[in-house]
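# Chain and residue survey
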Amino acid sequence: MASLFGLVRRNWLIYNPPQAPKSTAPLRFGILGAADIGPNALIVPARSHPDVVVQIVAARDSERAKAYAQKHGIPEVAKSYQDILDSPNIDCVYIPLPNGLHYEWAHRALKAGKHVLLEKPSVDNAEEAATLFRNPLLDGPKAPVLLEATHYLFHPSWALFMSYVAPADVVSARAELWCPMWLFAADNIRFRYELGGGALMDLGVYTASALIHVFGATAEECEECITQAGSYDSKCDRLFKARYRFPGGGRGEMEGDLKAPLHRLSPDIHVVHRPVVVFSEEAGKEVPGGQEVVRTRKIKFTNFAQPAFFHSIQVDDEFAIRKVGDISGHIKRWTKSKTVKAYTFKEAGIDQEGESHWPTYRYQLEQFVNRVRDREARQWVSGDDSTNTMKMIDMAYTAANLPLRPTSNYTS
């Protein structure tokens, strides 16, 4: 009963966090676009951060911007995106525009000296990513901060999960992510090629970045990618299933569907390690001379994409005692299993600030502010990370015989 109460309380506080007293000079954010993701990604998390105020919003439709501001308690409405960038009172911008507009408006924001929290995917393709994240404006001690909002990587559960993963020993991994069939209309921006749509662009950013971290490397090749088009645009994938080859011969698979059946709801990661020799103390067995203990580890991370609501990390270790170096047989075999979880860094064994009701976006905001304030960011998504993710997406589109999402015509 206590665990059920904790689950209900934590999930209630995710959407209704305590209001933090604001500092005397908080960072003031502007939002480019009245996007549905805005409340979860920034507006609600900002309420509990003492150094963040969401000050202003702009949208192509001024009436939509006004209604959005009124609904979410945003004090100001700008006439245009550029007006936000030109405002000396705004320190940071959050860009949740359609994917095809990310490149242009991230460049414009950096040029205006604003720190940028950029919704994922960062851009439309790897070429754009390389150009954006190598922008000379990002160099120097007073350079603006640019972060792709790959929020799940900032949650304590990801750190705990990775503490059980040994990338050099991973032989296979699978990442899967689903959206229920009723969530997005057929003409949603996610199904419009000219706006950078596609399941790989939306769900694939999660699964590709997860595989990169699990293997500790970017894939060498996408060996196969099967897609199914949405009904609105044949160049936009509604679902995908891709298989990659990683350095060292590891195989990674990822699968996603923007209109998944109801039995496919949990976004999970499955990891299999090769057998490795471990100390007998880990196995909890006395081992005679001339023998050794070998461990084969499998991990399942349930709900990796939104772990604040609920998650579990199941670790299954199979142990075997064998003669030293004898890979052909074993003397004894047994298994150990455990399920772990972490809603705070303390629960993950890490000395770092956080509350159990903080969603992934709140943990992300904490590190973004730390970087802007020239403090250490304990978790981060680098420009190389974002570029490598887009390389994975491009590989998949090429393997599926689909065009890469179009490169922006914007020139700074």
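In this report, we go over the structure that sits alongside the text.

The rules behind the values
- Residues numbered from 1 in each chain as written.
- Predicted model: local features only at pLDDT ≥ 70, side-chain atom pairs only at ≥ 80, totals over all residues.
- Heavy atoms only, no water.
- Pairing = 2+ DSSP bridges.
- Helix = DSSP H or I, 4+ residues; strand = E, 2+ residues; numbered from the N terminus.
- Salt bridge = Lys/Arg side-chain N within 4 Å of Asp/Glu carboxyl O.
- Buried < 20%, exposed > 50% of the residue type's maximum accessible area, 1.4 Å probe, protein only.
- Contact = heavy atoms within 4.5 Å.

In space, the six strands of this open sheet follow the order E3-E2-E1-E4-E5-E6, with parallel pairing throughout. The open sheet terminates on both sides in strands that have one partner only, identified here as strand E3 (76–77) and strand E6 (146–148). One ladder, built from six bridges, connects strand E1 (residues 27–32) with strand E2 (residues 52–58); its direction is parallel. Looking at E2, one finds that arginine 28 is bridged to valine 53.

Evaluated as defined, the whole model comprises 23 salt bridges. Residue arginine 373 is joined to aspartate 51 by a salt bridge in which the shortest nitrogen-to-oxygen separation is 2.7 Å. A residue pair is termed long-range when its members are at least 10 positions apart, and arginine 373 in the loop between helix H10 (360–372) and helix H11 (383–399) and aspartate 51 in the loop between helix H2 (38–47) and E2 qualify at 322 residues. Classification of arginine 373 as partly exposed rests on a relative accessible area of 33%. Given the relative accessible area of 11%, aspartate 51 is considered buried. As a salt-bridge pair, aspartate 317 and arginine 297 come within 2.7 Å of each other at their nearest N and O atoms. With aspartate 317 in strand E14 (residues 312–323) and arginine 297 in strand E13 (residues 291–302), this pair connects stretches of sequence that are 20 residues apart. Residue classification places arginine 297 among the buried positions, given a relative accessible area of 10%.

Within the fold, arginine 362 resides in helix H10. The contact partners of arginine 362, leaving out residues within four places of it in the chain, are Pro45, Ser48, His49 and Pro50.

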